[in-house]
Each structure stands twice: as structure tokens, then as C-alpha cells.
Amino acid sequence: MKTPAPGRIHSIVLVLLSLAVLQTSKAQKVQNDIDIYSLTVDSKVSSRFAHTVITSRVVNKADAVREATFQMELPKKAFITNFSMVIDGVTYPGNIKEKAAAQEQYSAAVARGESAGLVRATGRKTEQFQVSVSVAPAAKVTFELVYEELLARHLGAYELLLKVRPQQLVKHLQMDIHIFEPQGISFLETESTFMTNKLAEALTTSQNKTKAHVRFKPTLSQQQKYPEKQDTVLDGSFIVRYDVDRPLSGGSIQIENGYFVHYFAPDSLSTIPKNVIFVIDKSGSMMGRKIKQTREALIKILDDLSPHDQFDLISFSSEATTWKPLLVPASTENVNEAKSYATGIQAQGGTNINDAMLMAVQLLEKANQEELLPEGSITLIILLTDGDPTVGETNPLNIQKNVRKAINGQHSLFCLGFGFDVSYAFLEKMALENGGLARRIYEDSDSALQLQDFYQEVANPLMTSVAFEYPSNAVESVTQDTFRVFFKGSELVVAGKLREQSPDVLLAQIRGQLHRENITYMMMSHVAEQEEMFRSPKYIFHSFIERLWAYLTIQQLLEQMVSALDAEKQALEARALSLSLSYSFVTPLTSMVITKPEGQEQSQVAEKPVEDESRGSRVYLGPMRFGHSVGDRTSRKPGGGLKLLNGTPLFGPPGPPAAASPFHRMTSRLVLPELMSPLAPASAPSPTSGPGGASHDTDFRIKGTTPTALPFAPVQAPSVILPLPGQSVDRLCVDLRRPQELVNLLSDPDQGVEVTGHFETAKARFSWIEVTFENPQVQIHASPEHVVMTRNRRNSAYKWKETLYSVMPGLKVTMDKEGLLLLSRPDRVTIGLLFWDGPGKGLRLLLQNTDRFSSHVSGTLGQFYQDVLWGPLDTADDSKRTLKVQGRDYSATRELKLDYQESPPGKEISCWSVEL
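Residues numbered from 1 in each chain as written. Predicted model: local features only at pLDDT ≥ 70, side-chain atom pairs only at ≥ 80, totals over all residues. Heavy atoms only, no water.

- Taking an unreviewed UniProt entry as the reference, the protein chain is identified by name as Inter-alpha-trypsin inhibitor heavy chain 4 belonging to Bos taurus.
- The Subcellular location (unreviewed entry) field of the UniProt record for the protein chain holds the comment "Secreted". (UniProt positions renumbered as here; feature names shortened; annotations may be inferred.)

**Quick word on helix α12 (residues 566-582)**
So, point 1. Along its 17 residues, α12 runs 24 Å from first to last C-alpha, staying within 8% of the 24 Å computed at 1.5 Å per residue.
So, point 2. Looking at α12, one finds that the buried residues are Leu-572, Ala-576, Leu-577, Leu-579 and Ser-580. Each buried residue of α12 lies within a common arc of 165° when the element is viewed along its axis, so the set occupies one face. Residues of α12 that are exposed and angled more than 90 degrees away from the buried face: Ala-567, Gln-570, Ala-571 and Ser-582.
So, point 3. Just downstream of α12 lies Ser-584, where phi reads positive at about 55°. (Helix = DSSP H or I, 4+ residues; strand = E, 2+ residues; numbered from the N terminus. Expected span 1.5 Å × (residues − 1). Buried < 20%, exposed > 50% of the residue type's maximum accessible area, 1.4 Å probe, protein only. Arc of directions from axis to C-beta.)

**Some thoughts on the pattern of salt bridges**
Opposite charge on two side chains makes pairing possible when the charged atoms of those side chains draw close.
So, point 1. Under the definition given, this model contains 34 salt bridges.
So, point 2. The shortest N-O distance in the salt bridge between Asp-243 and Arg-153 comes to 2.9 Å. You can see Asp-243 sitting in strand β16 (residues 236-244) and its partner Arg-153 sitting in the loop between β10 (140-150) and β11 (158-164), a full 90 residues away along the chain.
So, point 3. Relative accessible area serves as the criterion here: at 7%, Asp-243 is assigned to the buried category.
So, point 4. Assessed through its relative accessible area of 13%, Arg-153 is described here as buried.
So, point 5. Put simply, Lys-125, Glu-159, Glu-189, Glu-191, Arg-241, Arg-791 and Arg-794 are held in one network by salt bridges that share partners. (Salt bridge = Lys/Arg side-chain N within 4 Å of Asp/Glu carboxyl O.)

**Side note on the sheet that holds strand β17 (residues 251-256)**
So, point 1. If you walk across this open sheet you meet the four strands as β17-β18-β29-β27, and the pairing is antiparallel. The outermost strands of the open sheet, each flanked by one partner alone, are β17 and β27 (475-476).
So, point 2. Relative to strand β29 (residues 492-498), β27 runs antiparallel, the two being bridged by two bridges. Each bridged residue has a counterpart across the sheet, and for Glu-476 the counterpart in β29 is Lys-497.
So, point 3. Contacting β17, β18 (259-264) and β29, helix α11 (residues 544-563) crosses the sheet at an angle of about 65° to β18. (Pairing = 2+ DSSP bridges. Contact = heavy atoms within 4.5 Å. Axes fitted to C-alpha atoms, helices over the stretch in contact; angles between N-to-C directions.)

**Regarding the packing of helix α7 (residues 396-407) against helix α8 (residues 424-432)**
So, point 1. Two elements in contact, α7 and α8, have axes whose closest approach is 10 Å; the angle formed by their N-to-C orientations is 20°. Here α7 is positioned roughly parallel relative to α8, judged by the angle of their axes. Seen from above, α7 lies across α8 with right-handed handedness. Residue-level contacts link Pro-396, Leu-397, Ile-399, Gln-400 and Val-403 of α7 to Ala-425, Phe-426, Lys-429 and Met-430 of α8.
So, point 2. Of the residues that constitute the contact of α7 with α8, the class distribution is seven nonpolar, one polar and one charged. (Parallel < 35°, antiparallel > 145°, perpendicular 65-115°, else oblique. Left-handed = near helix turned anticlockwise from the far one by under 90°. Nonpolar A, V, L, I, M, F, W, Y, C, P; charged D, E, K, R; others polar.)

**Quick word on the pairing of β17**
So, point 1. Among the six residues in β17, six count as buried, and that is most of the element.
So, point 2. Of the two faces of β17, both are covered, the one formed by Gly-251, Ile-253 and Ile-255 as well as the one formed by Ser-252, Gln-254 and Glu-256.
So, point 3. Pairing of β17 with β18 involves six bridges; the strand directions are antiparallel. Considered in β18, the bridge of Ile-253 is made with His-262.

**Here we look at the environment of Glu-770**
So, point 1. With respect to the element layout, Glu-770 can be found in strand β40 (residues 765-773).
So, point 2. Separated by 10 residues in the primary sequence, Glu-770 and Ile-780 have C-alpha atoms spaced 5.6 Å apart.
So, point 3. Not counting chain neighbours up to four residues away, the residues in contact with Glu-770 comprise Glu-754, Val-755, Thr-756, Gln-779, Ile-780 and His-781.
So, point 4. For Glu-770, the side chain forms a polar contact with the side chain of Gln-779, separated by 3.3 Å. (Polar contact = N/O pair within 3.5 Å; in protein donor to acceptor, adjacent residues only side chain to side chain.)

**A word on unusual backbone geometry**
So, point 1. The omega torsion of the bond from Asn-775 to Pro-776 falls at 0°, within 30 degrees of zero and hence cis.
So, point 2. The residue Pro-776 is located in the loop between β40 and β41 (778-782) in this model.
So, point 3. In the Ramachandran plot, Ser-465 falls in the positive-phi region, its phi being about 50° despite a non-glycine side chain.
So, point 4. As for its position among the elements, Ser-465 is in strand β26 (residues 461-469).
So, point 5. Non-glycine residue Lys-801 carries a positive phi angle of around 70°.
So, point 6. Along the chain, the position of Lys-801 falls in the loop between β43 (794-799) and β44 (804-808).
So, point 7. A relative accessible area of 40% means that Lys-801 is categorised as partly exposed.

Right under this line is the structure:
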């Protein structure tokens, strides 16, 4: 490997960053000057530990110097371990340093007048990494980024997230994901936000008992958004989800190269009853969508309570109030009453977190003193707030101290911070000090789902007081080995070193408490057998357990630092820093220094984002440009990788300026004096008239024209269009005219599918449609706002017209840019959902392959696939006839309707129309 000659380089600093892309912008004529001719992603997942390498190769096709910017998105929990650039055969490596030392270098660069770009763009699950370099004409550059992460089990699945945004067609684009799980892979599914049916041909998945390989290798034509165009469809996320088989012992010990990892997730245990207090912020800052979404989420969460649970609600603003003076059982009656209470929660007043939290603890203590808490149950407090304390005790340190003293290790506290006005560091410390965790809830259309998902994570406690024990002569340097609660769908992970003279068999004992009894699991693992198993597969990332141990240890040390006292915090930080440097991890304590060729003065700092850094700021979701940036060296602007054009929004949250545009769309009234004249005043004031009958708005028409009668009502799209068995031409258009109610649209037990909907007669539309499959157990809930897919209690929300391609065993879910959502299964009826934006807009249902319905199909629509008899045409009016369905007569009329299966405004069709 060539290295740069001394004196011909200078350094720039990357203090961590994270996220994935290659950046392009500038004038159209030089848009493709920097050509990405190869982009590969290679991810090896060895027993949950993922090692990902992204390699991008570019060439400058211009006859002048251009700038190439490498920009990547990677998961928040990942640590960058290496970055390098190869320019004309010379390698410019990255070196991990202590953050303070790297920052000195960066500050010196700023003092010399060299520009610096701070880039800390952070999404929900990802962070951003970016570096730029000038490229000489015809020169080639290879960028390589490596990062690692331990995949955490969330609601019964591990998830590997990769971002794909090349921003141009790439001649050689390939993604390879290799998974090796000694326990056995129980299921594997893929999901993408950019995949099309054409692109899906480039996706292959192979799998056996313990291994899986997912490859995505699209051709240039498959990448094209439009024929003859250079735009790419590759812009979004690619996700692989899977789970592993679980032995009766619930765990697995794996050993490699002198290190071990112990995974524990028993799934056959009964849920422990819980006593839960929901503490809900209803201060004035929650007004509007936040309080509406909180009410919506709380109502659904209450529905999910088990009859064995007890609960209560506390709402607070300037003062805190309880729903009930004592916890009550989660009976149907109590839950319905609580839902009514939640519906009436209104936002106003200040934020008194201290009193609300102490009230929650007092409720639990009172119930305990009066022996109202069931034996063996656990107690949880769930706090939701969107701001800092403003009333009562407002000092965060005092509030944390008061809460810690009141809880006294007896209850678990979970804190949810809604938006970015709240101090996340304050909530996180308070939660970690009291056996829980904190989570940020992002302000978006799916905030209610985020709240529900969090509750599902803690809804089913299976074990408490879990302790892992190993022989002291066998192991050392073990990570966290005691856990307060184990929740269903998660996994406990312990790692450590084997001593040099350790026994041939590693024994482990896991103790814990169930609802009414203690339990002990015994496990053993043969060291030699385990070592051999990980030695043979050629694609496995070797020594991964040692790196997993270091990764997990650092993560836990960083977490412990949040609530540690100063002296202890310094010791924890020193150990975390030492491990970060030893294993080349870019963490919040380290930075990566990247060398560049001589003469390139641009220095950039990319820091590992901390969750609370975004506080008080707003992410402006206006026009942004990502890709592979090109341009003349002299025209380059200083700054980071998120480039916003000039302009300031008139309304909306503060944030970076909006993008300027050569065209401005404005709503205004245009008056042409020579061509238009006002209509004569009406004899009586109109509903919009001002005093004295003068209209607020003047109606202008072209001179010489006279008002005409209003046109006939436009042709509407029916509620449902049904293809009928044996009918090649005619279709049945069904309009619902029943009162607002839940409608069983169709049910086929043999197909394992049920479709229900809620129809609003006043608005002549569905407020929602829900499709439930038995195998796989998946539910699709469609509303005018979005589509929600639920599997294993895990919710995923998708906006209409957002490309989706999800493949799981037995079901394929796709959505195209027109907003057509198709749910297809082999040899089964295909069900489609659509948010129709044409005349009579609203949710629509589509059915394909209806000849596959069984004889047991039923429901408002399902009945039309049973015994259907058409009567003769009406002798007086051949546009009418009778339709007999299961002995019941319906009047059918031949009418013009809009086919919503065509793009808006739709296509007029003649069909037999029936009202139900």
C-alpha cells in the first residue's frame, strides 16, 4: 500500500458523523463530471454483530479540478472503525485520536483561516458522515468507510438498515448481506422504500438453516427512473429483518478466539402483571397536533392493557391531577372510562413535572401499603412531556434528586420526550437512575404510532431480577450481567473474556423471578466446538466476538456516565476512551483525523451526534440536495454537506432558509380593467356579503359573457369496484349508503384474510380500511393520512405514494408512486388499497384474482362471490335489472362511474351500480 510522502499532506479532522450517500450538485453542464462508476456495500452479520464496508469509486471526467463529496448515512448505534481515500494510487488513511487532541488540530486549522463545516444532521435512526476532496482531471478516487454495530432485538426481530442514495446511475452497484446465525434463522424478510417490480428482479435471497445471503445488483436500465433519462430510482432505505430459533433454555453461548457472548431471550414464559401509571403532560405547549396524537395513542395503549394489569392516569400542566385516587384493574369498564377521560384531555398552562412525578410514586406507594398490588407484579411509571419544567420545582437537578429519592429503586421509570423543546439529557438521566430508559418521540404524522410502539416494548414483562453467573475461574471482564426486567420481544446480551486456563466447558447459570416463582436456567458450551464453528465459514468477519465485547462494553460505559458522579464518571470515561482507541471506534470520546493531499485547505469536523444536541433547533424539511458534489475549486462555498439555498420561509418553524426558486407560486386576484367588469350587485346580500350587502369578494367575468347554469355534478368514483367471477367485461360498482359504522367487507377463513372498514355516510367515504392476515400474522391499517403495517406488535408507517417493497414469508406488500398498495400472496386473492385523489376522493379497495375466493367467503362485499344471479333487463328501462345474491334482491342500474384504478382524474366506465 502506498502512503503519502511526508510534507505533502495536511490533516482534516472528523470528530464523528454518521449517515449514507454520495453528494451531487452544481450547474447542469457539470452535473456528471464526477462519475460514480462503482458503489458496493458489503455487510457481514455474524451472530447479530454487523460489519459493514461501503466502497465508492469515482472519476473526474471534466478537464478542470472538481470536488467530490462522500456522504454516508449509518445507524445511530453504529461506530465508525475506518475510513480511507485512495487518490491516484496513494492511500490517505483515517486515524482515531482522543477528541481533545483532534479538536486542537481542527482549531488550529480554523485559526489559519481554513474553512470548516460542522455537519451533525441526525435522523430518527441514522447519522451522517461526510468528507470532501478535490479531484484532478481524469483522476480517480476510492472512498471506503467501515462501521460496526450490534443488532438489538426489537419486538421479536433484528433489523439491519442500509441507505442507498447514489444520486446518479452507477455502472457497478452491488449490495451483499451475509448472515450467519448458529442458532438457526427462523424467518427473514426484506423491505425497501425505493424498490420497484423492475428493480426487484435484481434482488435475490438465498437461505438455509443457519445462513442467508441477500444480494441486490441492478443494471443501469433497472436503476433508471425514466427511459432515456439519467435520474435514478435508488433513493431510500433497504432493510433486512430476521429472528433466530430459540432453544428451550432460551439462550445461546458462542465462543470465538478467547471471547464469549451469551444471548438470552426465552419466549415461552407467561407475562407478569404490571401496575402502570401514565403521566401525561397537557401544558400549553402540547396544544394542537401533539395533544391530539397523545390522546389517540393513549386510547390505543389502554386497549392493549391486560385484564390482569392495574393502572391510573395523571395529567399535569401547572398542577397535577389523578384520574382515580387509587390504581384500578384494567377491566373493560375501567378501560372504557379511562378512554373517555383521555379523550377530554386539553392542553393549557405550565409544566410542573416535579409534582406530577411525586404524585405517581405516591399512588404506587399507597397501593403497596394497602396491599393492592398483586403478588409478583411489577410497577412502571411512563412519563410523556414536551418541555422543560416551568412551574413549581424547576431546577432539573433537584427534580432528578426528588424523583430518585421517592422511587428508591422500587419502580421503573420510562421517559418520553416529545419533540425538541425538552431537555433529553434531563429525561435520560432521570430514567437511567430509576431502572428505565428514555426515548425521543419525533413530531410527525406517526407520533401516535411511536408512542404505541414504545409501549409495546414494555407491555409484556416476562422476568425480573435477572442475573447471569459464570465460574470465576473461567471468565473475566464481563459486561453488565444483572438486569431489572426482561421484556418480551427483546434480548439480554452478556459478553466477556475467557481466562487463559479456563475449563473446556463454559457453564452459565441465569436466575430470575417469574410471576409467582423463581426460575434458574443452566447452560453449557464446549469451547473447542464453538471455536471450530466460527473458524470455517469464509465470509464470516473473524474475531467478531472480541469486537462485539468491546462495542458492548463501550456502549454500557457511556450509558453509565450519564448518571454517574464526577469521580466515578472520570473513571468510566477513561476506560471507554481506552477501549475506543484500542479497537479504533469513533465514539463521542474520539475523533478520526483524515489526511488529504497537499494544497487542499478545506477542513471539516464531523462529530458523533449526541441526542440532546438538537435541542432548541428545528430541522427544516425543505429542499435539500444530496449526492456527489462537483464544481470548480474556486467556486466552492465553505460549509458542511447539507446545502440549503437562500430564502426564508414566511411561516412555519424557525430553521435554515428555504430554497430560492426561479419561479414563485403565489395566490392572488388578477384584474384586467379592459377585459373584465364586475357583475351587477345581487338584490339581496349573499352569505359572504359585508355590511349593506356589499360582497367581500368581487366576482369578475370576461366582458360580453353571461352567467351560465352550473354544470351537472361530475362523474364520481364508487366506493368499491368489484370484478365478478366469469364476467370478462362487466364490473359491479358498489356504493355504501349505510350509517356511520364498522363494516365487515369480506372474510374468507380458508384464505386466512379479513377486511373491515369504517364508513362515514355523511362524507360518503371510508375513514379507514383494515386488512388482517392469519399467516403471516400481519395487519394493514389504511387511513387518509397513511398506511400502518403491524407485525409482531411492531408498527411501520408509510405515507401514501411513498414507494414500498416488502417481502416476508407468504406475503408481498408493494406501493408505487401512484399510491396503489398491493397485498399479494401465492395462489391467493390479491387485495389493493388506494387513496384516490380524484373526484369523490378517499380510500378505495381493489380485488384481483377473485376466482380464488373459497366457498366460505362472506361479508358485505364477499357475498358477491357466492351464488349470484342476474335477473333479466327491465322491459321499460334496459339500464335497470335485478341482482339476486344469496336469496336477496338488489336493484342494479347501468351508470357512468370513474375507474379509480386509473390515475386521477380517472377513466369513465359503464358498470352496473348497486347501493348497499
